[in-house]
Amino acid sequence: MTDHTPDPAPADRIGDGTRAVRAGLPEPVKNEPPLPGPVFAAHFHLPGDVEGPYTYGRDTNPTWTLLEQAIGELEAPGQDGAQTVVFASGMAAISAVLLSQTRTGDTVVLPDDGYQALPLLREQLEAYGVRVRTAPTGGDAQLAVLDGARVLWIETPSNPGLDVCDVRRLVEAAHAGGALVAVDNTLATPLGQRPLELGADFSVASGTKGLTGHGDLLLGYVVCRDPELAAGIRRWRKIVGAIPGPMEAWLAHRSLATIQLRAQRQWANALAVTEALAGRAEVTGLRYPGLPSDPSHKTAALQMTGFGSIFSFTLPDRGHAERFLSALRLVEDATSFGGVRSTAERRGRWGGDAVSEGFIRFSAGAEDTEDLVRDVLRALDAAGPAA
């Protein structure tokens, strides 16, 4: 008798929603939960010789294993050689790549308009004798300073300015010169952009943000094309001990199952709000890669499948911005981004970003679109003209 049961769809052909809800689940076992609970263990039974996957809690943990598998399935579907290493925070993941892959005398190229903690990392690299060059994200300006680099660090879209660079173009140039390429994929998430498919060696992100999406845990990760590179990253994690707790890892795995549902609403909300803001006289410098009028839209559309939940704009001055933020009812005045609840902040209050006093970074959440747009426009009206 012929078996007409269709073969399961290859991993790279199923939809992102299907992939997200199934990612990292173990083979089903009768009477066991589909997603096992967190494993709280500093050590494991280990009689005789040291063998097997789990020996000591700083090295490996079954809860990490499932989460790393899940993230790898989202970031690199169908790429069997790709490996993921999870960390206690996004900065731990970023530091692991840059500090494990460089030595005294090497050169690193960073964006000069990236995440505000990068200058701190630059200071540390230079203290170790690593040369650092910088250039803006927009216009693929990092190409001009690539000569002789060991690592190129790309942040696209950039935070908070939301410029975009051509990842394929930069990867090709960097690899031709012998450099490794890492892409910070935090703003895009693996549903919006897959750096490894664009040729990068590392995809790095803060899982605190859109990946997990509830603002209740800190997490970072690195996904590597090459298992040898992954081994170096994993060794660095072992040395510095920047490991996630099992509860955080389990919460992250549970939460990423809804990433597509969250992202679809967040992206739709970001586009709707920016379209509404485009008609406001007091709003200048509006940036969102999903707007056809945005300077980055053409490049972003070639390499992104979604444009993210973050947009930015500028109000006339600090007071105007603070009145606007105070008048919002559905939006929390808070840092970070990517959560189900919308957040916004006057980014200049932190220092470190080259932005004006009235610059707003806004993270669209999963509220009803009409409600969110109405709240933003009402708050702008309440903020009134600049004093």
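As a reminder, the structure under discussion sits directly above these lines.
Remember, predicted model here, so these are calculated numbers, not experimental data. (Residues numbered from 1 in each chain as written. Predicted model: local features only at pLDDT ≥ 70, side-chain atom pairs only at ≥ 80, totals over all residues. Heavy atoms only, no water.)

Chemist: Honestly, the pairing of strand β9 (residues 310-314) in this entry has me stumped. Any pointers?
Modeler: Across a regular strand the side chains alternate sides, sitting on one face of the sheet and then on the other. Here β9 lies mainly inside the structure; 5 of its 5 residues are buried. Sheet analysis places strand β8 (residues 284-287) next to β9, joined by 2 bridges and oriented antiparallel. Paired with Arg 287 across the strands is Ser 312, a residue of β9. When β9 meets strand β12 (residues 359-363), the two strands line up antiparallel, connected through 5 bridges. What sits directly across from Ile 310, in β12, is Ser 363. (Buried < 20%, exposed > 50% of the residue type's maximum accessible area, 1.4 Å probe, protein only. Helix = DSSP H or I, 4+ residues; strand = E, 2+ residues; numbered from the N terminus. Pairing = 2+ DSSP bridges.)

Chemist: Hey, could you run me through unusual backbone geometry in this one?
Modeler: Backbone torsion omega between Thr 156 and Pro 157 reads -5 degrees, so that peptide bond is classified as cis. For Pro 157, the location among the structural elements is in the loop between β4 (151-155) and α5 (167-176). Look at Ser 336: it is not a glycine, yet its phi comes out positive at around 70 degrees. Along the chain, Ser 336 falls in the loop between β10 (332-333) and β11 (343-346).

Chemist: Would you explain helix α8 (residues 246-256) in this entry?
Modeler: Within an α-helix, residues lying three or four positions from one another point in the same direction, as the helix has 3.6 residues per turn. Those residues of α8 lying buried are Pro 246, Ala 249, Leu 251, Ala 252, His 253, Ser 255 and Leu 256. Each element contacted by the buried residues of α8 is listed here: α1 (16-22), α2 (62-75) and α9 (259-277). (Contact = heavy atoms within 4.5 Å.)

Chemist: Would you mind going over the packing of α2 against α8 with me for this structure?
Modeler: Where α2 contacts α8, the axes come no closer than 9 Å and their chain directions differ by 35 degrees. For the pair α2 and α8, the sense of crossing is left-handed. Residues Thr 63, Trp 64, Leu 66, Leu 67, Ala 70, Ile 71 and Leu 74 of α2 form the contact with α8, whose own contacting residues are Pro 246, Ala 249, Trp 250, Ala 252, His 253 and Leu 256. Partitioning the contact of α2 with α8 into residue classes produces 11 nonpolar, 2 polar and no charged. (Axes fitted to C-alpha atoms, helices over the stretch in contact; angles between N-to-C directions. Left-handed = near helix turned anticlockwise from the far one by under 90°. Nonpolar A, V, L, I, M, F, W, Y, C, P; charged D, E, K, R; others polar.)

Chemist: Honestly, the sheet that holds strand β6 (residues 202-206) in this entry has me stumped. Any pointers?
Modeler: Either a parallel or an antiparallel arrangement is found when strands of a sheet pair, and the pairing is made through backbone hydrogen bonds. Spatially, the 7 strands line up as an open sheet ordered β1-β7-β6-β5-β4-β2-β3, and their pairing is mixed. Where the open sheet ends on each side, the last strands, each with one partner, are β1 (83-87) and β3 (131-135). The sheet shows a mean angle of 20 degrees between the axes of neighbouring strands, direction not considered. Pairing between β6 and strand β7 (residues 220-224): 5 bridges, direction antiparallel. Residue Ser 206 lies in a different strand from β7, and its bridge partner there is Gly 220. Contacting β1, β2 (107-111), β4, β5 (180-184), β6 and β7, helix α3 (residues 90-100) runs over the sheet at an angle of about 155 degrees to β6.

Chemist: What is the right way to look at helix α12 (residues 369-383) in this model?
Modeler: With 15 residues, α12 extends 21 Å from end C-alpha to end C-alpha; this agrees with the ideal 21 Å at 1.5 Å per step. Of all the positions in α12, only Leu 372, Val 373, Asp 375, Val 376, Ala 379, Leu 380 and Ala 383 are classed as buried. Each buried residue of α12 lies within a common arc of 160 degrees when the element is viewed along its axis, so the set occupies one face. Exposed side of α12, more than 90 degrees from the buried face: Glu 370, Arg 374, Asp 381 and Ala 382 are the residues found there. Residues of α12 that are buried make contact with α9, α11 (318-327) and β12. Looking one or two residues beyond α12, the residue adopting positive phi is Gly 384, at roughly 65 degrees. (Expected span 1.5 Å × (residues − 1). Arc of directions from axis to C-beta.)

Chemist: Would you mind going over the packing of aromatic side chains with me for this structure?
Modeler: The description of an aromatic ring pair uses the distance of the two centres, along with the angle that the planes make with each other. One pass over the full model with this rule turns up 4 aromatic pairs. Centre to centre, the rings of Phe 44 and Tyr 54 are 5.8 Å apart; their planes meet at 35 degrees, and the pair counts as tilted. Of this pair, Phe 44 sits in the loop between α1 and α2 while Tyr 54 sits in the loop between α1 and α2, and the two are 10 residues apart along the sequence. Among the residues examined, Phe 44 registers a relative accessible area of 18% and is labelled buried. (Phe/Tyr/Trp six-rings, centres within 6.5 Å; stacked < 30°, edge-to-face > 60°.)

These figures come from the coordinates and say nothing about function on their own.
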